[in-house]
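# Fold and geometry: a report
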Amino acid sequence: MTELSVDLGKRSYNILIGSGLLHEAGRLIQELTGTQQALLVSNPLVFSLYGEQVVNSLSRQGMRLVVAQMPDGEQYKNVQEAMKIIDRAVQAGLERSGVVVALGGGVVGDLAGFVAAIYRRGIRLVQIPTTLLAQVDSSVGGKVAVNHSEGKNLIGAFHQPVLVIVDSHTLLSLSGRDYLSGLGEVVKYALTFDADLFSCLEKSSEQILSRDLTVLEAIIKRCCELKSMIVSEDEREAGLRMSLNLGHTFGHALEKLGGYQTYTHGEAVVMGCMAAAVLAMQLGMLEEQELKRIATLCQSLGLEYKFPHYPPEMVYLHMQNDKKVQGGKLRLVLPEGIGYFAIRDDVPRQAVLEAIAACQALAP
Ligand SMILES: NC(=O)c1ccc[n+]([C@@H]2O[C@H](COP(=O)([O-])OP(=O)(O)OC[C@H]3O[C@@H](n4cnc5c(N)ncnc54)[C@H](O)[C@@H]3O)[C@@H](O)[C@H]2O)c1
Ligand SMILES: [Zn+2]
């Protein structure tokens with residue numbers, strides 16, 4: 001088992017990474033929190049796969065357990081579903097000393113985290129992420145939210161977990177699409193922050209595709225380290241944390257244009273990273289050779305990077321509506337070589353439009 005810490009003063013916590021940790025969850029949670037009460041939040045798919053293991057491990061510690069399930073899907077990440085979970089907590093008499101345990105992907109993690117942030121003005125949260133995206137990204141950093149009909153993640157809070165338990169074994173049951181979606185975020189980390197990680201992905205593409213858990217655990221560890229370092233510096237996204245969003249302004253526009261149905265978040269992020277890379281090359285921040293390396297890596301991992309054929313002006317309009325825009329200025333995180341980034345708010349509209357058009361013309 002690998003242990004990492006997220007340093008946030010009194011709100012610091014550990015991320016544990018290993019295979020088979022679900023069986024240990026009860027002991028780990030009990031040792032840390034000393035609590036006797038847990039609200040386990042999941043969805044029917046994840047619960048059918050892993051619920052029993054987690055329930056048993058919590059019960060072995062003599063914990064009183066309430067299970068609350070939300071339906072599977074982003075469309076259920078809303079206030080109504082959060083209220084149903086809170087109703088369960090109230091009926092079961094969940095006390096402030098209890099703990100919310102989120103077992104699932106980013107959707108379950110965000111909604112359970114939101115419940116933990118507001119129930120009795122905030123109770124402790126343990127994240128047990130079961131998708132690659134949640135293991136490398138959403139379970140760490142304390143952003144919790146539900147969607148509003150007018151926009152994603154509009155209602156939320158910063159509420160750090162007290163523990164994150166990553167059982168790599170859960171990755172083996174993920175659908176191919178959800179697995180690749182998480183890999184999209186992994187490529188983003190490498191491109192933005194870590195040339196060594198980028199080379200490692202290039203060298204290990206076969207093991208990654210065959211879901212070699214030793215390789216995956218090393219990758220998850222590195223991504224969590226990178227995210228922890230950034231979150232420790234800038235918990236509330238006043239500056240540096242924005243760097244985690246390379247490719248996301250383009251990506252969010254695509255998700256929106258696809259009605260949040262056509263592309264998963266990770267798929268949109270890959271296309272967005274490529275658009276950011278093409279733009280960076282046009283601005284003289286990235287070599288053509290480096291752009292080729294990014295495209296080749298995506299290809300070898302089976303990640304689609306060609307930008308879909310929406311009119312570039314329409315994409316731009318949605319990019320401007322992204323919540324990262326400040327004072328009407330488009331702020332973009334762009335790669336500056338592989339493994340480095342720069343935040344730019346001086347990129348002309350025309351350059352962005354040209355980059356989108358160039359990405360639409362890329363060879364697949
Ligand atoms: N809080 C943050 O910092 C942050 C960061 C990135 C993304 N997010 C949020 O994360 C969400 C996306 O998360 P996601 O990609 O994990 O999607 P998801 O939670 O919808 O999971 C994808 C699918 O995989 C299923 N699943 C989960 N674990 C499984 C397993 N081990 N085996 C088989 N199937 C499994 C789920 O039931 C679901 O059908 C979005 O709502 C996004 O806004 C939050
Ligand atoms: Zn993302």
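Residues numbered from 1 in each chain as written. Chains lettered and ligands numbered in written order. Predicted model: local features only at pLDDT ≥ 70, side-chain atom pairs only at ≥ 80, totals over all residues. Heavy atoms only, no water.

Time to look at the overall build of the protein chain. Tallying secondary structure elements over the protein chain gives 14 helices and eleven strands in all. Over its C-alpha trace the protein chain gives a radius of gyration of 20 Å, about what one expects of a compact globule, namely 21 Å for 364 residues. If one aligns the C-alpha atoms of the protein chain with their principal axes, the spans along those axes are about 60 × 40 × 35 Å. Per-residue burial over the protein chain gives 57% buried out of 364 residues. Summing over all exposed atoms, the protein chain offers an accessible surface of approximately 14900 Å²; the carbon and sulfur share of this is 50%. (Helix = DSSP H or I, 4+ residues; strand = E, 2+ residues; numbered from the N terminus. Rg over C-alpha atoms; globule rule 2.2 N^0.38 Å. Buried < 20%, exposed > 50% of the residue type's maximum accessible area, 1.4 Å probe, protein only. Areas by Shrake-Rupley, 256 points an atom, 1.4 Å probe, with all protein chains shown as cover.)

Let's shift gears to the site of ligand 1. Ligand 1 sits among 25 residues. The nearest are Glu-74, Gly-106, Thr-130, Thr-131 and Ser-173. Interatomic distance of 2.6 Å between a side-chain N/O atom of Glu-74 and an oxygen atom of ligand 1. Thr-170 has a polar backbone atom sitting 2.9 Å from a nitrogen atom of ligand 1. Within the complex, 87% of the 860 Å² of free accessible area of ligand 1 lies under protein. Looking at the shell around ligand 1, the element that brings in the most residues is helix H2 (residues 44-59), giving four residues. In terms of residue class, the shell around ligand 1 is made up of seven nonpolar, nine polar and nine charged. (Near = heavy atom within 4 Å. Polar contact = N/O pair within 3.5 Å; in protein donor to acceptor, adjacent residues only side chain to side chain. Nonpolar A, V, L, I, M, F, W, Y, C, P; charged D, E, K, R; others polar.)

For the protein chain, the domain assignment lists domain 1 (2-173) and domain 2 (176-360). Each of domain 1 and domain 2 has a C-alpha centre, and these two points are 27 Å apart. Opposite the 28 residues of domain 1 that make contact, domain 2 presents 28 residues. Interface of domain 1 and domain 2: buried area, both sides summed, is about 2600 Å²; carbon and sulfur atoms make up 65% of it. Its largest share of buried area at the contact with domain 2, domain 1 owes to Leu-132, Val-136 and Phe-158, together 23% of the area lost on that side. Applying the counting rule to domain 1 against domain 2 returns four salt bridges. In this structure, Asp-137 engages Lys-227 in a salt bridge whose closest nitrogen and oxygen atoms are separated by 2.7 Å. Those elements giving two or more residues to the side of domain 1 that touches domain 2 turn out to be strand E1 (2-6), strand E2 (13-18), helix H5 (132-138) and strand E8 (151-158). For the side of domain 1 that touches domain 2, the element with the highest residue contribution is H5, accounting for six residues. (Domains from an automatic or database assignment. Contact = heavy atoms within 4.5 Å. Buried area = accessible area lost by both parts, 1.4 Å probe. Salt bridge = Lys/Arg side-chain N within 4 Å of Asp/Glu carboxyl O.)

The next thing to look at is the pattern of salt bridges. If you walk through the whole model with that rule in mind, you get 17 salt bridges. For Asp-110, the salt bridge goes to Lys-77, with nearest N and O atoms at 2.9 Å. Placement of the pair is Asp-110 in helix H4 (residues 106-118) and Lys-77 in the loop between strand E4 (64-69) and helix H3 (79-91), with a sequence separation of 33 residues. Between Arg-344 and Asp-346 there is a salt bridge, and its shortest N-O distance comes to 2.7 Å. Take Arg-344: its relative accessible area is 22%, and that puts it in the partly exposed class. Look at the salt bridges and you will find they share partners, linking Glu-74, Lys-77, Asp-110, Lys-152 and Glu-255 into a network.

Once that is clear, we can look at the packing of helix H7 (residues 195-203) against helix H12 (residues 288-301). Their axes nearest at 10 Å, the elements H7 and H12 cross at an angle of 45 degrees. Regarding the angle of H7 to H12, the classification is oblique. Along this stretch, H7 crosses H12, giving a crossing that reads as left-handed. The residues of H12 that touch H7, namely those facing Phe-198, Ser-199, Leu-201 and Glu-202, are Arg-293, Ile-294 and Leu-297. A per-class count over the contact of H7 with H12 returns four nonpolar, one polar and two charged. (Axes fitted to C-alpha atoms, helices over the stretch in contact; angles between N-to-C directions. Parallel < 35°, antiparallel > 145°, perpendicular 65-115°, else oblique. Left-handed = near helix turned anticlockwise from the far one by under 90°.)

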